[in-house]
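# Chains, contacts and geometry: an overview
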Amino acid sequence: MVNGLRRLLRRSLTKKLFAQNGGARTSTPTYSGICMPKNPLKGYGRWGRWGLLAIATAVATIGLTAPTAFSQPPGVPPLAAPSTLALAWDRPDQPWPGTSDLAQASPLQTSYELYQSGRLPEAAALLEDTLAAYADQGDRLRQGVALSNLALVRGQLGQWPQAQAAIEQAIALLQSPHLEDDRRPRILAQSWTIQGQLHLAQGHENDAFTAFATATELYETVGDTPHIVRSRINQAQALQANGFYRRAITEILAPLGEWLDTQPDSLAKAEGLQSLGVALLVADSSQRAEAVLQRSAAMVERLAAGALTADDQRRLPEVQTAIYLSLGNVARSSQQRDQALDYYQQAARASEGINRLRAQLNELSLRVEAAQYGAAATLGDRLQTLLADQPPGREALQSRINFAHSWLQLQTACDGGRCPAPGWGVVEEFLAATQTQAQTLGDRRSEAYVTGLRGRAALAQRQWPQAQDLTEQALVLAAAVNAPDITYRWQEQLGQILEARNDLTGAIAAYQTAVNTLKRLRTDLLAVNPALQFSFQQTVEPIHRKLVSLLIDAYEQSAAKGAEAKEIAGNPLGAARQVIESLQQEELNNYLRAACLDLQEVQIDQIAEAQSTAVIYPIILSDRLATIVSYPGQSTLAQKSSTPTAEVLQLYPAAVSADDIDTTLRQLRRDLTNRISLAYRTSAQQVYDWVIRPLEADLAANGINTLVFVLDGGMRNVPMAALFDGEQFLIEKYAIALTPGLQLLAPQPLLETDLSTLAFGLSDAVTVTIPNSRRQESFSPLPNVVAELEQIRALLPRTEILVNEAFTPDSFQAALANTRAPIVHLATHGQFSSNPNETFIVAAGGQTITIDDLTGALEATATNREAAVELLVLSACETAAGDDRAALGLAGIAVRAGARSTLASL
């Protein structure tokens, strides 16, 4: 069984990912693929990285459970219950064969209990004493165990040099040829797992992968199937941390799932499927994760109805709880709240103690999120009593913090008697007691978090001085443990407080530092399911937009005071433009889940024909439309300034709410699809009046004939060419181009050449199974496709056409690989949505070509030909109606495919 797993999973993975140097494995990867990551965890800092990775990495350890820290965003449940694959050292009642004497009634067990209670310095001191005793006895095996545990404790304390020294010493001891013991391979495997954890927490992803691969090989030698599964998932985690999400799925997670399919039902297999489901939720899609978890749940039900060993019977409730919690989180990520609630309740019924409490905490946060305040208040009262009875420790502390956030949300929503609420006095008392527990345990990270929550409670009560004092304390504590995933929250909160206190300069500084911190957290945006762990639209976007709003306020205040253009141009407006560029970049990274967007600073005067080009940023804010326009440095506006600049930025505000803008844009989109009506002209003229009318005079005075739009929100879903001034369309007056941002797509001159085209088409009606989903969708015939492609050939004789049966995913990739045509034209069914897993075009027989397939083929083609694709045309595709983020699929293709221009139908 293990040999089969080894053969299926290995697939020369190490040879593919790591160069061979004289037979020795190096830590420098020879990567291939569409993204060349830039080690995105760099800059996290020690504690910040540790906290983020601890909750996401399923690992087995020696004598101590995996390190955990409260790192999930507020109100979001843990991904699953704690690991059910406990080891001999922390389960002396059920040890592995031949290992009971290593843990029972030993200092190792005592140190584990100290660790569990959060008394890390005491655990470290005991392990140091234990090491000396084992050294005196010449017991190398126990010495290796103690050193590995000490490395884990030191890592949890943020003492990285000491942790690294301890684990290296442990591995050296356990690898000694003089140590002959049949228990050694398992212990050594777990030591390599801890080494991988330490590397991953410090941002050394390649070294982490090597360590996890070594651990996997050791587990294979002893046939430890459950830990082989966990170790493979650790390897996938290391790849994901380095930006290789597709590779993690295709080369590790998918084969792992295939291998598990071949194994007989067992509790270990169910655990493996549960771990795989969680990993797929992180790396891929909720649909695939749900399918794997459902199989795991069904298997556990079958096993429970049959005969189980005593050990499996004891572990069954924990496994069931983990599966139901994971299924609840999958349903929650898909906004299926009723189903998620049912799973959380099943998880609570399946187990006792801390696992039941964890499930009920998930239920509480979900009820608050769903505005079920009465049920939340009733459940909260019960949980508050249960939490008071929990013995002090790290697990209890994290549970209290999770509860405190939900309790605070409930009180804020119900303030003023609008619904049942605990009362501010009760909330503040609970928060203060939780802060005291964190201080007692020496958990500065948790102390930083709960101190910030106390500041949030004061903010909600408009107690500005107290709120500011507590928030600043929280920032100092978070900085001390270098935890940016906490820091940005309290930086934003400080901005809110300072704005309320009329300190605009301070508020801008606070929001700017929050934006800068979020840049350091980009990996979290990529590696974790956005709806479950790090919501872009609920967390990242509002911070950026608030900063833009404050910067524009600062600009307008300066202008109102009579400041000259030269004093304010390029200052608040320049900063606002940079924030919007950053937001566009983060949104594309979040959409593509690939940290591979090369940034290039491009000024307006670098664009060809810059003297006649203006770049327009229509920014949708809650209370206005703020249009920032970048004019070339030789414009008449620039001449008014005594300071020569490469560009001049001007602001054109329109007093209209975001809701009104959204309504008008949706109406325009709907009206444009009615081809027999001119009703769209009304809303097209309204958008023209907001965006273009205020700057018409300046465009004319500066001889502008090209408009480059960096569009925002719902603006991306309507064609700028269709804006109407009452007599003419915008396209009749200006050349128009779109870009996701000047930093993302650097403009390049198009050289004159003899154009040729590679054209693909599908005119047949087809039924398509949506990728990564069980849903099907039918597409009507496209009778004009053949005529469209033939007309292209009439204009450009050097056109190769593959249509209907000739257009398959394989023929598409092969044709791209063997052509130098600068134009690729696709006339077929397709869909672009806010979910990249459901963004695709259709080939013959209803086969789909996903965004990854498309961009992967184009990039592979670019490496095998002299010139990149100049123009990619996506004809007859559609963006999802009413989906403001659907057009990101088009932008994503433009950025990742390497095509210099992309033309698509909305």
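Since the structure is predicted, the reported quantities are computational estimates derived from the model, not experimental observations. (Residues numbered from 1 in each chain as written. Predicted model: local features only at pLDDT ≥ 70, side-chain atom pairs only at ≥ 80, totals over all residues. Heavy atoms only, no water.)

Let's shift gears to the overall build of the chain. When you go through the chain residue by residue, the secondary structure sums to 35 helices and 18 strands. When contacts within the chain are restricted to residue pairs at least 6 apart in sequence, long-range pairs at least 24 apart make up 70% of them. Of the roughly 35,100 Å² of accessible surface on the chain, 49% is carried by carbon and sulfur atoms. (Helix = DSSP H or I, 4+ residues; strand = E, 2+ residues; numbered from the N terminus. Contact = heavy atoms within 4.5 Å. Areas by Shrake-Rupley, 256 points an atom, 1.4 Å probe, with all protein chains shown as cover.)

We now examine the nonpolar core. Core analysis: the biggest nonpolar cluster contains 72 residues, and Phe403, Val548 and Ile628 have the highest contact counts within it. In terms of residue count, helix α25 (residues 536-560) provides more of this core than any other element does, 9 residues in total. Those residues in contact with Val548 that lie beyond four places of it in its chain are Ala576, Val579, Ile580, Ile619 and Leu621. (Core = buried A, V, L, I, M, F, W, Y, C linked by side-chain atoms within 4.5 Å. Buried < 20%, exposed > 50% of the residue type's maximum accessible area, 1.4 Å probe, protein only.)

Structurally, a disulfide amounts to a covalent bond that connects the sulfur atoms of two cysteines. In total, this model carries 1 disulfide according to the counting rule given. Residue Cys414 pairs covalently with Cys419 via a disulfide, S to S 1.8 Å. Between Cys414 and Cys419, the S-S torsion sits near -105°, and that sign places the bridge as left-handed. Cys414 gets classed as buried once you look at its relative accessible area, which sits at 1%. Among the residues examined, Cys419 registers a relative accessible area of 17% and is labelled buried. (Disulfide = S-S within 2.5 Å.)

It is the contact of helix α17 (residues 373-388) with helix α18 (residues 394-414), at a shortest axis distance of 11 Å, that shows an interaxial angle of 145°. For the pair α17 and α18, the sense of crossing is left-handed. Between α17 and α18, the contacting residues are Tyr373, Ala376, Ala377, Gly380, Asp381, Leu383, Gln384 and Leu387 on the first element and Ser399, Arg400, Phe403, Trp407, Leu410, Ala413 and Cys414 on the second. (Axes fitted to C-alpha atoms, helices over the stretch in contact; angles between N-to-C directions. Left-handed = near helix turned anticlockwise from the far one by under 90°.)

The next point concerns the environment of Leu179. Among the structural elements, Leu179 can be located in the loop between α7 (160-174) and α8 (184-201). A C-alpha to C-alpha distance of 7.2 Å links Leu179 and Arg140, two positions 39 residues apart in sequence.

Moving on, we get to the packing of aromatic side chains. A complete count under the given rule lists 9 aromatic pairs for this structure. With centroids separated by 6.4 Å and ring planes inclined at 20°, the aromatic side chains of Tyr680 and Phe729 adopt a geometry described as stacked. Of this pair, Tyr680 sits in helix α30 (residues 680-691) while Phe729 is found in the loop between β6 (706-709) and β7 (735-738), placing the two residues 49 residues apart along the sequence. Residue classification places Tyr680 among the buried residues on the basis of a relative accessible area of 14%. Between the aromatic rings of Phe724 and Phe729, the centroid separation amounts to 4.9 Å while the plane-to-plane angle is 45°, which identifies the pairing as tilted. What makes Phe724 buried here is its relative accessible area of 5%. Of the aromatic side chains, those joined through ring pairs into one cluster are Phe403, Trp407 and Phe430. Directly above the ring of Phe430 sits Arg400, whose terminal nitrogen or CZ lies 4.2 Å from the centroid. (Phe/Tyr/Trp six-rings, centres within 6.5 Å; stacked < 30°, edge-to-face > 60°. Lys NZ or Arg CZ within 6 Å of the ring centre and 35° of its normal.)

Moving on to the pattern of salt bridges. Applying the stated criterion across every chain yields a total of 25 salt bridges. Put simply, Arg142 and Asp139 hold a salt bridge, and the shortest N to O gap is 2.4 Å. The same class applies to Arg142 and to Asp139, which are both buried. Where Asp312 meets Arg315, a salt bridge forms, and the shortest distance between an N and an O atom there is 2.9 Å. One end of the pair, Asp312, and the other, Arg315, are both in helix α14 (residues 310-333), 3 residues apart, so they sit about a helical turn from each other. Classification of Asp312 by relative accessible area gives buried; the value is 17%. In the salt-bridge network here, residues are joined through shared partners; they are Asp689, Arg693, Glu696, Asp725 and Lys733. (Salt bridge = Lys/Arg side-chain N within 4 Å of Asp/Glu carboxyl O.)

Within strand β5 (residues 647-654), 7 of the 8 residues are buried, which leaves it mostly tucked inside the rest of the structure. Where strand β4 (residues 625-632) and β5 come together, 8 bridges link them in antiparallel fashion. Looking at the pairing, Tyr631 lines up with Val648 of β5. (Pairing = 2+ DSSP bridges.)

The next subject is helix α33 (residues 809-817). Restricting attention to buried positions, one finds in α33 the residues Phe812, Ala815 and Leu816. All buried residues of α33 project into a common sector of 100° when viewed along the axis, lining one side. (Arc of directions from axis to C-beta.)

What follows is about unusual backbone geometry. With a phi close to 60°, Arg462 is a non-glycine residue in the positive phi region. Here Arg462 shows up in the loop between α20 (444-460) and α21 (464-480). Phi is positive for Asn804, close to 50°, though the residue is something other than glycine. Counting through the fold element by element, Asn804 comes out in the loop between β11 (799-803) and α33. For Asn804, a relative accessible area of 12% puts it in the buried group.

Where strands meet in a sheet, backbone hydrogen bonds hold them as pairs that are either parallel or antiparallel. Taken in spatial order, the 5 strands line up as β11-β8-β12-β16-β18 in an open sheet, and their pairing is parallel. Lying at the two open borders of the sheet, with one neighbouring strand each, are β11 and β18 (901-904). Across the sheet, the axes of successive neighbouring strands diverge by a mean angle of 10°, strand direction being ignored. Looking at chain direction, strand β8 (residues 757-761) and β11 are connected through 5 bridges and run parallel. Within β11, the position partnered with Leu758 by the bridge is Glu800. Of the strands in this sheet, β8, β11, β12 (823-827) and β16 (871-875) touch helix α32 (residues 785-795), which is tilted by about 170° from β11.

In this section: the sheet that holds β5. The strand order β5-β4-β3-β6-β7 describes an open sheet built from 5 strands, whose pairing is mixed. Both edges of this open sheet fall to β5 and β7, since each of them pairs with a single strand only. On average, each strand axis in the sheet is tilted by 25° relative to the strand beside it, whichever way the strands run. In this structure, β6 lies alongside β7, joined through 4 bridges in parallel fashion. Following the sheet pairing, Val708 is matched in β7 by Ala737. Here α30 sits on the sheet in contact with β3 (613-620), β4, β5 and β6, set at roughly 60° to β4.

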